[in-house]
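# Structure at a glance
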Amino acid sequence: MVRDFDELVGEADSASVEGWDFSWLDGRATEARPSWGYQRLMGERLAGVSAALDIQTGGGEVLAGAPKLPPVMVATESWPPNVTKATRLLHPLGAVVVADPDEPPLPFADDAFDLVTSRHPATVWWAEIARVLRPGGTYFAQHVGHGSVFELVEYFLGPLPEETWRARHPDDERAAAEAAGLDVTDLRFERLRMEFFDIGAVVYFLRKVIWMVPGFTVAQYRDRLRELHEKIQEEGPFVAHSTRFLIEARKPE
């Protein structure tokens, strides 16, 4: 049975967006995954170190999926609901969760960690990452790349300037890492297909990934949402593309 606009939007607007679990979108949206398998590679690296830091851990879901955590495992997070969720999830695994505003300085001593990880950090403070890594230590992360899901963003905001499209470019991140004294040993980029099958999926996604359309509310964009709802009904799923890059950088000994 075809569900109407108000029902789909109302359901998505009232759904919880706590944490970093996207299972609510199962059957309503799809996103291809990068070929490298970040969580598996992260887990392999965590198993081989004695002290590690996961920056901007979200609700702790990705870190909790690692088969083995090191003897010293710390995670930081800024958003209070996620701090609570990550604490519940990670403390039983032996990890400490630290509430941190995601601004310099990181609340740790110099040369504190063998490994620093992060999946989709909103901000990257390379000088701080370099500072808390021990000589010979590694930063290993998956970042959101430039122009990610901009088909959807521009549908609501209109054409974006070139400098906005350039933000988060992997070449720029490589340069920033090197400027902080790190040696980039691996850098891989992929552009991945996304499909939104109904307008509820769009609403939920924009409520959860709040930086896509800053200040997004259903009330503000209701007319545009209705137009997109009709477009999806007539033409099929709305297609966008996410971008991801894997980066690994080593602190010289």
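Before any of the text, the structure's been laid out above.
What you are looking at is a predicted structure, and each value in this text was computed from that prediction instead of being measured. Starting afresh in each chain, residues are numbered from 1 along the sequence in its written order. The model is predicted, so local features are restricted to residues of pLDDT at least 70 and side-chain atom pairs to those at 80 or more, both for listing and for counting; the totals for chains, interfaces and linings are taken over all residues. Values reported for side chains reflect all heavy atoms of the structure, with hydrogen atoms and water molecules removed beforehand.

### Focus: the nonpolar core
Working definition of a nonpolar core: buried Ala, Val, Leu, Ile, Met, Phe, Trp, Tyr and Cys residues. They are joined through side-chain atoms within 4.5 Å. Categorising residues by exposure relies on relative accessible area from a 1.4 Å probe, with only protein chains included: less than 20% of the type maximum marks a residue as buried, more than 50% marks it as exposed, and the intermediate range marks it as partly exposed. One finds Leu152, Phe156 and Leu225 to be the most contacted residues of the largest nonpolar core, which totals 35 residues. A run of H or I in DSSP becomes a helix once it reaches four residues, and a run of E becomes a strand once it reaches two; helices and strands are each numbered from the N terminus. When residues of this core are traced back to their parent elements, those giving at least two are α1 (5–14), α6 (150–157), β7 (183–196), α9 (199–208), α10 (222–235) and β8 (238–250). Counting residues per element, this core draws most heavily on α9, which supplies seven residues. Residues are treated as being in contact if the distance between any of their heavy atoms lies within 4.5 Å. Discounting chain neighbours no more than four positions away, the residues touching Leu225 are Phe5, Phe156, Ile199, Val202, Val203, Phe216 and Val218. Within the second largest apolar cluster, 22 residues are counted, among which are Leu106, Phe108, Ile129 and Leu133.

### Digging into the sheet that holds strand β6 (residues 133–144)
Remark on secondary structure: sheet strands pair via backbone hydrogen bonds, oriented parallel or antiparallel. One requirement defines pairing of two strands: DSSP has to find at least two bridges between them. What the eight strands build is an open sheet, ordered β1-β7-β8-β6-β5-β2-β3-β4; its pairing is mixed. The sheet is open, and its two borders are formed by β1 (29–31) and β4 (96–99), each paired with just one other strand. Across the sheet, the mean angle from the axis of one strand to that of its neighbour is 15°, orientation sign disregarded. One ladder, built from three bridges, connects strand β2 (residues 51–54) with strand β5 (residues 113–119); its direction is parallel. Along β5, the bridge assignment pairs Ala52 with Leu115. Angles here are taken between N-to-C directions and fall from 0 to 180 degrees, while the axes themselves are lines fitted to C-alpha atoms, restricted in helices to the stretch in contact. The strands touched by α6 are β7 and β8; relative to β8, the strand with the most contacts, the crossing angle is about 125°.

### With respect to helix α2 (residues 38–46)
Of the residues making up α2, those classed as buried are Tyr38, Leu41, Met42, Gly43 and Leu46. For α2, the elements touching its buried residues are β2, α3 (61–64), β3 (72–77), β5, β6 and β8.

### Details of the environment of Ala86
Relative to the helices and strands, Ala86 is located in helix α4 (residues 80–90). Discounting chain neighbours no more than four positions away, the residues touching Ala86 are Thr57, Gly58, Gly59, Gly60, His91 and Val97.

### Examining the pairing of β8
The side chains of a regular strand alternate between both faces of the sheet. Among the 13 residues that make up β8, 11 are buried, leaving the element largely enclosed by the rest of the structure. As paired elements, β6 and β8 share seven bridges and run antiparallel to each other. Bridge pairing in β8 links His143 to Phe245. In this structure, β7 lies alongside β8, joined through 13 bridges in antiparallel fashion. Pairing of Met194 across the sheet is with Ala240, part of β8.

### Topic: unusual backbone geometry
Each neighbour pair has its own omega, and for Pro104 with Pro105 the value is 0°, a cis peptide bond. By the secondary structure assignment, Pro105 is in the loop between β4 and β5. Of note, the phi angle at Arg168 is positive, near 75°, even though the residue is not glycine. The residue Arg168 is located in the loop between α7 (162–166) and α8 (170–179) in this model. Judged by relative accessible area, Arg168 falls into the partly exposed class, the value being 29%.

### Overview of the packing of α1 against α9
In the contact formed by α1 and α9, the axes pass within 8 Å of each other and the chain directions differ by 25°. Taken together, α1 and α9 sit at an angle that is classed as roughly parallel. Where α1 crosses over α9, the handedness of that crossing is right-handed. Between α1 and α9, the contacting residues are Phe5, Leu8, Val9, Ala12, Asp13 and Ser14 on the first element and Ile199, Gly200, Val203, Tyr204 and Arg207 on the second. By definition in this entry, angles of less than 35 degrees are roughly parallel, angles greater than 145 are roughly antiparallel, angles of 65 to 115 are roughly perpendicular, and the rest are oblique. Take the far helix as your reference; a near helix turned counterclockwise from it by less than a right angle gives a left-handed crossing, and one turned clockwise gives a right-handed crossing.

### Side note on the environment of Thr76
Here Thr76 lies in strand β3. On the basis of relative accessible area, Thr76 is assigned to the buried category, the value being 0%. When the C-alpha positions of Thr76 and Ser118 are compared, they lie 9.8 Å apart, and in sequence the two are 42 residues distant.

Coordinates in, geometry out; function isn't part of it.
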